[in-house]
Amino acid sequence: MTRIPDFDEMVGEEAGPAERERLRRVHDLLVTAGPPPELSPELEAGPTLAMSLERRRSHGWGRRRVALLAAAVVALALAFLAGFMTGNGSDEGSITSAKVLELRGTALAPDALASLRIDPADPAGNWPMNLSAVGLPKLPPHGYYEVFVTRHGKILAPCGTFIVRDADTGVSIPLNAPYELQSGDSWVVTRQEPGQHTPGRIVMRPVNA
Amino acid sequence: MELALESPARLHALPGPDAAPVPPGSSDGELLVRVADRDREAFELLYQRYVRSVFGLALRRLRDRQRAEDAVQETFTAVWRSAASYKPDRGPAAPWLYAVARNAIVDRMRARTEPAADPPEVASSEPGPPERAEASYVSWRVHRALEELPPKEREVVELAYWSGLSQSEVAEYLHIPLGTVKTRTRSALARLADVLEGEVE
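We now turn to the structure provided with this report. Note that the structure is predicted; figures quoted are calculated from it, not measured.

As for the overall build of chain B
At step 1: Broken down by element type, chain B carries eight helices and zero strands.
At step 2: When the elements of chain B are put in sequence order from the N terminus, they spell out α-α-α-α-α-α-α-α.
At step 3: For chain B, buried positions account for 49% of its 201 residues.
At step 4: Partitioning the intrachain contacts of chain B with sequence separation of at least 6 by distance along the chain shows that 63% fall at a separation of at least 24.
At step 5: As displayed, chain B has an accessible area near 10300 Å², and 52% of this comes from carbon and sulfur atoms.

Some thoughts on the environment of P92(B)
Residues and elements named next belong to chain B.
At step 1: Counting through the fold element by element, P92 comes out in the loop between α3 (65-82) and α4 (93-110).
At step 2: Using a relative accessible area of 53% as the deciding quantity, one classes P92 as exposed.
At step 3: With 64 residues separating them in the primary sequence, P92 and D28 have C-alpha atoms 7.8 Å apart.

Digging into the environment of K182(B)
At step 1: Among the secondary structure elements, K182(B) is positioned in helix α8 (residues 178-196).
At step 2: Linking K182(B) and Q167(B), residues 15 residues apart in sequence, is a C-alpha distance of 7.1 Å.
At step 3: Those residues within four positions of K182(B) in sequence are excluded, and the remaining contacts are E9(A), M10(A) and Q167(B).
At step 4: At 2.4 Å, the side chain of K182(B) forms a polar contact with the backbone oxygen of E9(A).

Considering α8(B)
At step 1: With 19 residues, α8(B) extends 27 Å between its outermost C-alpha atoms, agreeing within 8% with the 27 Å of an ideal straight helix rising 1.5 Å per residue.
At step 2: Buried within α8(B) we find V181(B), R184(B), T185(B), R186(B), A188(B), L189(B), A190(B), L192(B), A193(B) and L196(B).

Let's talk about helix α7 (residues 167-174) of chain B
At step 1: What α7(B) keeps buried is the set Q167(B), V170(B), A171(B) and L174(B). The arc enclosing the buried residues of α7(B), seen along the axis, measures out at 100°, which places them on a common side. Facing away from the buried side of α7(B) by over 90 degrees, the exposed positions are E172(B) and Y173(B).
At step 2: Buried residues along α7(B) sit against α1 (7-11) of chain A together with α6 (151-162) and α8 of chain B.
At step 3: Where α7(B) terminates, the next one or two residues include H175(B), which has phi positive at roughly 60°.

Remarks on the pattern of salt bridges
A pair can form between side chains of opposite charge whenever their charged atoms are brought close.
At step 1: Within this structure, the stated rule accounts for 19 salt bridges over all chains.
At step 2: For the salt bridge of R22(A) with D194(B), the shortest nitrogen-to-oxygen distance reads 2.8 Å. Here R22(A) is found in helix α2 (residues 17-33), whereas its partner D194(B) is found in helix α8 on a different chain.
At step 3: Residue classification places R22(A) among the buried residues on the basis of a relative accessible area of 16%.
At step 4: For the salt bridge of E147(B) with R154(B), the shortest nitrogen-to-oxygen distance reads 3.2 Å.
At step 5: Residue class for E147(B) comes out partly exposed when judged on its relative accessible area of 24%.
At step 6: You can call R154(B) buried: its relative accessible area is 14%.
At step 7: Among the ionic contacts, a cluster of salt bridges with common partners joins E44(A), R52(B), E147(B), R154(B) and E158(B).

The rules we used
Residues numbered from 1 in each chain as written. Chains lettered and ligands numbered in written order. Predicted model: local features only at pLDDT ≥ 70, side-chain atom pairs only at ≥ 80, totals over all residues. Heavy atoms only, no water. Helix = DSSP H or I, 4+ residues; strand = E, 2+ residues; numbered from the N terminus. Buried < 20%, exposed > 50% of the residue type's maximum accessible area, 1.4 Å probe, protein only. Contact = heavy atoms within 4.5 Å. Areas by Shrake-Rupley, 256 points an atom, 1.4 Å probe, with all protein chains shown as cover. Polar contact = N/O pair within 3.5 Å; in protein donor to acceptor, adjacent residues only side chain to side chain. Expected span 1.5 Å × (residues − 1). Arc of directions from axis to C-beta. Salt bridge = Lys/Arg side-chain N within 4 Å of Asp/Glu carboxyl O.

Fair warning: the whole summary comes from geometry, so function is off the table for now.
Below is the structure:
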């Protein structure tokens, strides 16, 4: 057991009686409370997207209920997350703060939800992005997901790939669009089968697409 | 290229362009009100302030790190879902958050499938439920208050109280004068007293 620190050694004689009594109570509380717990890296990293999507990790709701709830939350998020890059008429050069694009799963991944954050371009023209996604199913070995920028509804260029270990815990991955983006550009996520080198089937697209 | 990430998708603090940034020094209650309006920045701040308190409470009750982490997940999911039910005029946010966490932990305890233990033949000398509840709330508030300390003050408190170092040893460990250690310690205790005053007697 850790020794109890010496109150008099810490506070000294400078404090008056009232202040000493006040500090003494705190001292006693610290001793009673004990050390705060060490957080796991998971907890230390901050709240998960799943928390705000009200998804439970290991028990409980049926898939249908989760899907309905998730759809409701996406609708709610739409009301608060303005600034989509798609269809808002903004010019490339006018994007000076992070934008958020909400994506949801197609029939291939009906429970999937994601937020794609697009940061302002760096001087070289890279557009750093971060995709946080839940609900994408784990793929077979050598399968992976790929994020593409789209223009006029057609796939234009890749922005990065990722895999998923668990649908409920999801992923958070940095991406990059090293392209000259234009107003109306958007993004999709595809499912890449093993050995497939062309864009696969779309599993996530913007909620307003 | 970044591929396999095992960590859960993180909620990044992204208030919408129309949402005003959270003012520095916002109270827990003010953050909860913003969370009710789906302010993710406020939610992340609230998480940072309380995650240790929630996890500590869950660990004490559940005595299992994995289940305690699940309880943290449940707690903050419930906070996000139910923040609108918090009424600032009915009192501070800490007891409301404590109740949410306690409910999530109780749910976890009920979810246990282990058979009930045989009743003990002799009375236990361990604290009873009321004493445990009081001790839990004290820890809850103290751990929350620690989040208010500047890092340098928190450091000396942690070394003195939970690493077993004397003031001289703290000074030696941190390579700073003994007087600085004493000044930081007194300042930390005074700051904690301010935060805890009136809430924990």
